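Geometric and topological summary
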Amino acid sequence: MATRAQPGPFRPAGSAGAEALATGGAASAGGPGRPGPLQDETLGVASVPSQWRGVQGIRRETKSCQTASIATAEASVQTRKHADAEVQTEVPAPVSARSVAQHDSPRLAAFLRRVEAMVIRELNKNWQSHAFDGFEVNWTEQQPTVTCLHTLGYPPAQGQGLHVTSVSWNSTGSVVACAYGRLDDGDWSTLKSFVCTWNLDRRGLNPQQPSAVVEVPSAVMCLAFHPTQPSHVAGGLYSGEVLVWDVSHPEDPLLWRTGLTDDTHTDPVYQVLWLPEPRHSHRFQVLSVATDGKVLLWQGGGVGQLQLTEGFALVVQQLPKNTKLKKPPRGETEVGATAVAFSGFDPSLFVLGTEGGFPLKCSLAAEEAALTRMPSSVPLRAPARFTFSPHGGPIYSVSCSPFHRNLFLSAGTDGHIHLYSMLQAQPLASLQLSHKYLFAVRWSPVRPLVFAAASGEGDVQLFDLQKSSQKPTVSIKQTQDDSPVYCLEFNRQQTQLLAAGDAKGTVKVWQLSTEFTEQGPRETEDLEQLAAEVAA
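Residues numbered from 1 in each chain as written. Predicted model: local features only at pLDDT ≥ 70, side-chain atom pairs only at ≥ 80, totals over all residues. Heavy atoms only, no water.

The subject of this paragraph is the packing of aromatic side chains. Scanning all chains against the criterion turns up 12 aromatic pairs. Here F342 and F350 contribute two aromatic rings whose centre-to-centre distance is 5.0 Å and whose plane-to-plane angle is 25 degrees, an arrangement assigned as stacked. Across this residue pair, the class does not change: F342 and F350 are buried. Between F451 and F463, the ring centres sit 5.0 Å apart and the planes meet at 5 degrees, which makes this aromatic pair stacked. Residue F451 is located in strand β24 (residues 450-455), and its partner F463 is located in strand β25 (residues 459-464); the two are separated by 12 residues in the primary sequence. You'll find F451 and F463 in the same group, each marked buried. K361 extends its terminal NZ or CZ atom over the ring of F386, reaching a point 5.4 Å from the ring centre. (Phe/Tyr/Trp six-rings, centres within 6.5 Å; stacked < 30°, edge-to-face > 60°. Buried < 20%, exposed > 50% of the residue type's maximum accessible area, 1.4 Å probe, protein only. Helix = DSSP H or I, 4+ residues; strand = E, 2+ residues; numbered from the N terminus. Lys NZ or Arg CZ within 6 Å of the ring centre and 35° of its normal.)

What follows deals with the side chain of H418. Within the element layout of this structure, H418 appears in strand β21 (residues 416-421). There is a polar contact of 3.0 Å between the side chain of H418 and the side chain of Y420. Once residues within four sequence positions are removed from consideration, H418 is found in contact with P390, H391, F408, L409, S410, P427, A429 and S430. (Polar contact = N/O pair within 3.5 Å; in protein donor to acceptor, adjacent residues only side chain to side chain. Contact = heavy atoms within 4.5 Å.)

As a further point, take the state of the cysteines. Defined simply, a disulfide is a covalent bond joining two cysteines at their sulfur atoms. Inspection of every chain in the model, using the stated rule, returns 0 disulfides. No disulfide involves C196; its sulfur sits 5.0 Å from that of C178, the nearest cysteine. C178 supplies the cysteine sulfur nearest to C487, a cysteine that is in no disulfide, at a spacing of 7.9 Å. On the basis of relative accessible area, C487 is assigned to the buried category, the value being 6%. (Disulfide = S-S within 2.5 Å.)

It is worth spelling out empty space enclosed by the protein at this point. Summed over all chains, the structure comprises 1 cavity of 30 Å³ or more. Roughly 30 Å³ of volume is contained in the largest cavity. Surrounding the largest cavity, A313, L314, V315, Q318, L319, A382, P383 and A384 form its lining. (1 Å grid on protein atoms, 1.4 Å probe; cavity = no way out; pocket = protein on both sides within 12 Å on 5 of 7 lines; lining within 4 Å. Points joined across faces, edges and corners; volume = space filled by probe spheres on them.)

Let us now look at the sheet that holds strand β19 (residues 395-400). Taken in spatial order, the 4 strands line up as β19-β20-β21-β22 in an open sheet, and their pairing is antiparallel. If you trace the sheet from one side to the other, it starts and ends with β19 and β22 (429-432), each paired once. The average undirected angle you get between the axes of adjacent strands in this sheet is 20 degrees. Pairing analysis gives 4 bridges linking β21 to β22, with the strands arranged antiparallel. Its bridge partner being in β22, I417 is matched across the sheet by L431. (Pairing = 2+ DSSP bridges. Axes fitted to C-alpha atoms, helices over the stretch in contact; angles between N-to-C directions.)

If you want it as structure tokens, here you go:
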């Protein structure tokens, strides 16, 4: 309900209206100046319809969207036409039997009786002749004597200027490993290095990407794969440590290590070998040689530690006096060992190469105590039994013949290969192969008269003593800039393969022809004759 005041008569705004406003009230009908009462009045409800709602209700908009039209196309293909063809041989013509010629049987018999004695005499002469001994008919096409199958390398190691110091084949012959380090002058004891392996039987082999890479805190000087465990490899470091890795677990490859104890070598380790235990032929120990004069045998334990089981020491005063040697520097008593090779006929017999240049025949069965003050947890013994005539400088490599119990080779910094017999001090033969160092020599595992040598002039030289005892049969250029070749190894499983490592950080795998892998009919006899003639 709405209420409002009842209005009075209209007056001009300037007179009575103004007075009424001044007095605070409204003039009534009774008289001027007198206020009248307010009155209520009821009026009808006024409504104002909303025009906005109506407009909004009527106004509608419809919108839609469509993606771009999709283009479609149909196509068909048809293989090209082919045709079948058949061939048929011609029907063979029947062969008519030839008529046997008529011979004069009495005259033929008389001729055969007349020449019988002469034919038999000539046949006997041919049977007794040796003119064609060793001759083999080659029904296959001649192939190049040596070809390069693979050129392997690890760019991060090559970028540091590291050398390949050692190579080794695993027991299956499919994996080759190399050690990276340095063999030239300088202190490389704190230089990080690597051990790398390549599986040559793997599809898609990348020669610049090894199958496994092991980072090592010190330069690795030598490697040797386990004889029966294809993934276990032992290494010797510049720091004197010996380690064993399992390269099948690249995330945590280290199995055992010697650690830095009183038993550890104090000089760089130049060679490691695996030897079967005397009482357990299926178990192996690691043998290490170093320039501190010690030869040590290690056994892997269950806590990741290599334990020293036996030890030998080379002392000047205990060397056999059968050969005149240069006097060592004053105060020096230890003889540095640089290389080792074991006889395949006597498991206790081994040959050591030394810094003094003379090979030593040694024995694991030696019982004499070594006259040394070097600390050791086991008694050290003196192994030397015989001294051979020296090279003109340190020996870097020795190798025992797998076909003769008394023959071995040595290579030294004088550039000569010496062929020795265990029975005499003087070498059977001396071959100058290089005017620089010779770093490695190895007998062939399948040819009694074949061996290979690595030179400081960048060559791998293959000798066949059946052809020449003075010059190599084949000289392979491993490095184009004459950088030294430091190591090489024959593959005992895949005997046509030879691996060689060089100062450029490269490993090359060479494939040998049958000329170097197939033994001749009289080769073993020739080797026996060579050893017997000189030993007589």
